[in-house]
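Take a look at the letters that make up each chain.
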Amino acid sequence: MATVELRFSAQPEHVRTARLVAAAVARRAGVDEAVLDEVRLAVGEACSRAVGLHRSHGIAAPVSVVLIEEEKSFSIEVGDEVPGPGAEPEPGGSAEAPATRGATPGVGLDGPDSDGEDEMGLAVISGLVDDVEVRSGANGGVIRMSWPKTPVTVLP
């Protein structure tokens, strides 16, 4: 399993770099060429959302993007450090609560903590990616998106 990690300051101008890196790594991992635009758009939406959350909550920590190549799939995790609503950090720990900012595409997107942009961003991501998981806890949130890899054809 190959992994690439990218961290960038919560500035909108860095989102384009994250999109380019994600597309390049996805291509190298074997994601179908026809899907690369979806990868770019989804990563752009997820990173823009994380940047917006950091900026609106005054968080100086960087946004993280983890690109994971597995045997049959390629996954991208975009993380922010904005605590979920009602999440209280455990002493010295990482309280990871089930999603409160939209656990699955189309579910929980209109919660009281979601503003219009957040809701729209999650809706766009769920429209672009079939396999999406959104988690939120005391230490922040993560959007995990996965795409199947194109099987390699071996010629005799």
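About the criteria used
- Residues numbered from 1 in each chain as written.
- Predicted model: local features only at pLDDT ≥ 70, side-chain atom pairs only at ≥ 80, totals over all residues.
- Heavy atoms only, no water.
- Salt bridge = Lys/Arg side-chain N within 4 Å of Asp/Glu carboxyl O.
- Helix = DSSP H or I, 4+ residues; strand = E, 2+ residues; numbered from the N terminus.
- Buried < 20%, exposed > 50% of the residue type's maximum accessible area, 1.4 Å probe, protein only.
- pLDDT = per-residue confidence, 0-100.
- Contact = heavy atoms within 4.5 Å.
- Core = buried A, V, L, I, M, F, W, Y, C linked by side-chain atoms within 4.5 Å.
- Pairing = 2+ DSSP bridges.

S.K.: Could you give an account of the pattern of salt bridges, with specific residues and numbers?
M.R.: Counted under the stated rule, the structure contains eight salt bridges. The closest approach of N and O atoms between Glu 69 and Lys 149, which form a salt bridge, is 3.1 Å. With a gap of 80 residues between them, Glu 69 in strand β2 (residues 63-69) and Lys 149 in the segment after β5 (140-148) connect regions that are remote in the sequence. Across the pair Arg 144 and Glu 77 runs a salt bridge whose closest N-O atoms are separated by 2.4 Å. Within this pair, whereas Arg 144 is found in strand β5, its partner Glu 77 is found in strand β3 (residues 73-79), the two being separated by 67 residues in sequence. Assessed through its relative accessible area of 19%, Arg 144 is described here as buried. Each of Arg 28, Glu 69 and Lys 149 takes part in one network of salt bridges that share partners.

S.K.: Before we move on, can you summarise the confidence of the model for the chain with the specific residues and values?
M.R.: Per-chain confidence: the chain averages 82 in pLDDT, with 76% of residues scoring 70 or above. Across residues 89-114, confidence stays below pLDDT 50; counting only partners more than four residues off in sequence or on other chains, it has 50 contacts.

S.K.: Break down the nonpolar core for me, with residues and values.
M.R.: Among the nonpolar cores identified, the biggest contains 33 residues, and Phe 74, Ile 76, Val 78 and Met 145 are the most heavily contacted of them. Of all the elements, helix α2 (residues 36-56) adds the most residues to this core, at eight residues. In contact with Val 78, other than residues within four places in its own chain, are Ala 46, Cys 47, Ala 50, Val 63, Ser 64, Val 65, Gly 141, Val 142, Ile 143 and Met 145.

S.K.: Before we move on, can you summarise the environment of Ile 125 with the specific residues and values?
M.R.: Mapping Ile 125 onto the fold places it in helix α3 (residues 116-128). Judged by relative accessible area, which is 1%, Ile 125 ranks as buried. Spatially, the C-alpha atoms of Ile 125 and Ala 42 are 5.3 Å apart, while their sequence positions differ by 83 residues. Apart from the residues lying within four places of it in its own chain, the contact partners of Ile 125 are Ala 42, Glu 45, Ala 46, Val 132, Ile 143 and Met 145.

S.K.: Summarise the pairing of strand β4 (residues 131-137); cite the residues concerned and give the values.
M.R.: Pairing analysis gives seven bridges linking β4 to β5, with the strands arranged antiparallel. Paired with Ser 136 across the two strands is Gly 141, which belongs to β5. Two successive antiparallel strands, β4 and β5, enclose a turn made up of two residues.

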